[in-house]
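Tertiary structure, described
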Amino acid sequence: MAASLQRKAFWGMVWNFAESFSLQIIQFIIGIFMARILQPSDYGMVGMLSIFLTISNMLITSGFYRALIQKKDRTAIDYSTVFYFNIVVGIILYLVLFFSSPYIALFYNVPILEDLTKVIAIPLILNSLSQVQNAKFAIEMNFKMLAKISIITAIITGISSLYMAYSGFGVWSIAYSSVIGESSRCILLWFFANWIPLWKFSWKSFREMFSFGSKMFASGLLESIYNNLYTLIIGKKFAATELGYYTRANGYAQLPVATFNNALSKVTFPMFCEVQKDDERMILLYHKLLRFTAFIIFPIMMLFIVLARPLILFMITDKWESCVILLQILCLSYIWHPVQIVNINLLQAKGRADVTLKIDILKKGIGVLVLCLTIPLGVVAMCIGLIVVSLISTLVNIYFTKRIMHIEILSQVKDLCPPLLYSLFMMIITYFATSLIPQNGLRIFVGGVVGIVTYFFVAYLFRSKELQYLFEFINKKKSI
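One structure accompanies this document, and this report is about it. These numbers were taken from a predicted model, which means no experiment stands behind them.

The rules we used
- Residues numbered from 1 in each chain as written.
- Predicted model: local features only at pLDDT ≥ 70, side-chain atom pairs only at ≥ 80, totals over all residues.
- Heavy atoms only, no water.
- Axes fitted to C-alpha atoms, helices over the stretch in contact; angles between N-to-C directions.
- Helix = DSSP H or I, 4+ residues; strand = E, 2+ residues; numbered from the N terminus.
- Left-handed = near helix turned anticlockwise from the far one by under 90°.
- Contact = heavy atoms within 4.5 Å.
- Nonpolar A, V, L, I, M, F, W, Y, C, P; charged D, E, K, R; others polar.
- Expected span 1.5 Å × (residues − 1).
- Buried < 20%, exposed > 50% of the residue type's maximum accessible area, 1.4 Å probe, protein only.
- Core = buried A, V, L, I, M, F, W, Y, C linked by side-chain atoms within 4.5 Å.
- Phe/Tyr/Trp six-rings, centres within 6.5 Å; stacked < 30°, edge-to-face > 60°.
- Parallel < 35°, antiparallel > 145°, perpendicular 65-115°, else oblique.
- Salt bridge = Lys/Arg side-chain N within 4 Å of Asp/Glu carboxyl O.

The contact between helix H18 (residues 409-434) and helix H19 (residues 440-461) brings their axes to 8 Å, and the two run at 145°. The chirality of how H18 crosses H19 is right-handed. Residue-level inspection shows Pro419, Tyr422, Ser423, Phe425, Met426, Ile429, Thr430, Ala433 and Thr434 of H18 in contact with H19, the latter providing Arg443, Val446, Gly447, Val450, Gly451, Thr454, Tyr455, Val458 and Ala459. Taken together, the residues of the contact of H18 with H19 sort by class into 11 nonpolar, six polar and one charged.

Note: α-helices contain 3.6 residues per turn, so residues at a spacing of three or four share the same orientation. Compared with the 18 Å implied by 1.5 Å per residue over 13 residues, the 18 Å span of helix H15 (residues 337-349) between its first and last C-alpha is a close match. With 12 of 13 residues buried, H15 lies mostly within the body of the structure. Along H15, the residues that are buried comprise Pro338, Val339, Gln340, Ile341, Val342, Asn343, Ile344, Asn345, Leu346, Leu347, Gln348 and Ala349.

With that out of the way, let us pick up the environment of glycine 448. Its location among the elements puts glycine 448 in helix H19. The sequence separation of glycine 448 and isoleucine 300 amounts to 148 residues, and the corresponding C-alpha distance is 9.7 Å. Non-local contacts of glycine 448, meaning those with residues more than four positions away in its chain, are made with Leu303 and Leu307.

On to the nonpolar core, then. One finds Leu113 and Tyr246 to be the most contacted residues of the largest nonpolar core, which totals 111 residues. Counting residues per element, this core draws most heavily on helix H12 (residues 279-306), at 16 residues. Look past the residues within four positions of leucine 113 in its chain and what remains in contact with it is Met45, Met48, Leu49, Ile104, Ala105 and Tyr108. Ranked by size, the runner-up nonpolar core spans 17 residues in total, among them Phe83, Met145, Leu188 and Trp195.

Quick look at the packing of aromatic side chains now. For the structure shown, the criterion picks out 22 aromatic pairs. A centroid spacing of 5.6 Å and a plane angle of 25° characterise the contact between tryptophan 172 and tyrosine 176, whose relative ring orientation is stacked. Of the two residues, tryptophan 172 and tyrosine 176 are both situated in helix H9 (residues 172-193); the distance of four residues between them amounts to about one turn of the helix. Taking the relative accessible area as the measure of exposure, tyrosine 176 reaches 33% and is therefore partly exposed. Consider the rings of tyrosine 431 and phenylalanine 432, whose centres lie 5.4 Å apart with planes at 75°: the pair is edge-to-face. The partly exposed category is assigned to tyrosine 431, whose relative accessible area is 47%. When its relative accessible area of 59% is taken as the criterion, phenylalanine 432 is described as exposed. Cluster of aromatic residues (ring-pair linked, three or more members): Phe83, Tyr84, Trp190, Trp195 and Trp199.

For asparagine 109, which is not glycine, the phi torsion reads 60° and is therefore positive. With respect to the helices, strands and loops of the structure, asparagine 109 is situated in the loop between helix H4 (76-108) and helix H5 (113-120). Of note in the backbone geometry, asparagine 194 takes a positive phi value of approximately 55° without being a glycine. Relative to the helices and strands, asparagine 194 is located in the loop between H9 and helix H10 (203-237). Overall, asparagine 194 belongs to the exposed group, its relative accessible area being 74%.

This brings us to the packing of H12 against H15. Packed helices, taken two at a time, are described by the angle between their axes plus the distance between the axes. Across the interface, H12 lies against H15 with an axial gap of 9 Å and an inter-helix angle of 160°. As far as their axial angle goes, H15 and H12 are roughly antiparallel. Two packed elements cross with a definite hand, and for H12 against H15 that hand is right-handed. Residues Met282, Tyr286, Leu289, Leu290, Thr293, Ile297 and Phe298 of H12 lie in contact with H15, whose contacting residues are Pro338, Val339, Val342, Asn343, Leu346 and Ala349.

What follows concerns the pattern of salt bridges. Within the structure shown, the criterion is met by three salt bridges. Two residues, lysine 118 and glutamate 114, come together in a salt bridge whose shortest N-O distance is 3.8 Å. Taken together, the residues lysine 118 and glutamate 114, both in helix H5 and four residues apart, mark about one turn of the helix. The salt bridge involving glutamate 321 is made with arginine 309; its shortest N-O contact spans 2.6 Å. Taken together, the residues glutamate 321 in the loop between helix H13 (308-316) and helix H14 (324-334) and arginine 309 in helix H13 connect sequence positions 12 residues apart.

Purely geometric numbers; function is a separate question.
Listed below in C-alpha cells is the structure:
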C-alpha cells in the first residue's frame, strides 16, 4: 500500500511538473510573440475582464471538484450529481456575464468590452462540461493523461492566437483563441475519460458533499475576488496601458510559481487524502514537500528578480520597460505562494475546510486593508503591499498548521531557511557576475549559468537535506 502510494505520488509529481513546465514554456514563447505584436492596451482590456472570468471559473472548479476528490466512498451517482450541478452553474454564469456586458463596458468606459465579454465568457460553459472528467483523472492519479491533454490544448491555443494576432485581429486574437483552446480541452477530456454520466441527480449526494464543497467554494470565491481586485482597481483608476504593464509583469512573475502551484495542487491534495487517517505519515510527507518546494521555487524567483531587466528588454522590447520594476516586486510576493499551498492542502485533506475558510477570510481582510492604504501611492506601491501581505499570509498558514497538526512553527521555519539563504547568496553572486555585461541576451545566459551553478554548489557544500530529497526523487524509480 505504502509503496503503491509512493509510486503513484512520484509519477504524479513527475507528470505534473512535466505538464506545468511544458505549458509554461509554450505559453511563455507564445506570449513573447504576442507581446511583440499586440499593444499593452490590448492586454489591459483583457485584464479588465479577468476578475469576472476568474471568479466565474472558481465557482465552477473550486468547491465540488475538490469535494469529489476528498470524498472516500464516492459513487457513480456522486460523479453525475457534480456533473449536472456544474453545467447549471456554468450556464447561469455565462448568462449573467452576457447580460451584464453593457454595464461592464460602462464601468470601465471602454465600449468594446461589451462584445468582448460575450465571447471571452464562452469557455465557462465548456469548462463546466469537463470538470468531472478532470476530477476522475486526478482521483486515479492519472496525471500522465492530464499532462498530454493540457499540452495539446496549449499548442492548439497558441497556434490559433498567433495566427489571429498576425492576421490583425488585435485583442480578439486572445478572446477567440481562449474559446478554441477550451473547446479542444473539453473534447479531449470527454474522449479519453471513458465516462458517461447517469441520468440522475441525487440531492442526498449533493448534501453530503455540500458541507466540504461549500466551504471550498467560499474560500475559492474569496481568493478569486481578492487576487483580481488589483486588475479591477488599476483598470478603473489608471489607464489601460498601466494595467497592460501590470498584467504582463504579473504573468511573467507567475510563470515559475504557476508551474509549482499546478503540480502541488493536483498531486499533494490526493496524496494527503490517501494518508489522511495517519497523522505521522502526513507530517513526514508535509516536511519533505515543504523543503522540496522551497528548494526549487526560491532560487528560480530570485533569479527572475536579478535578471528581470535583460529578460524584458530582450524578449518583448523596450516598449514594455515599465513593467521591469513591477516584475521584480511581484516575484518577491509570489515566492511564498507554493509554501502556502502545501499548508492549505494538508488542512483540506484532513477535512478542515472550515479552518481553511477562516484562514482565507483573515488573510484577505489583511490584504484589503493593505490595498486600501497603497492605492493612493500608485501601482508600484500596491505591488510592494503584496509582499507584506504574502509574508503575513505565510505566517498565518504556518500558525494554523501548528494548531491543527501540532507541527511546531520553528520546525516549519527551519525547513524554509536553508533554501532561502542559498538563494540570497546566489542572487548576490549573479548580480555582480552580470552587472558589467552590456548585451541583454548574454546577460541572461551568463546569469542563468552562474546562478544555477552557484546555488547547487552552495547546497552541496552545506550538505543540504533539500538536495538529498531532489536526488531521492530522481532515483525514486530504483528505490520503489
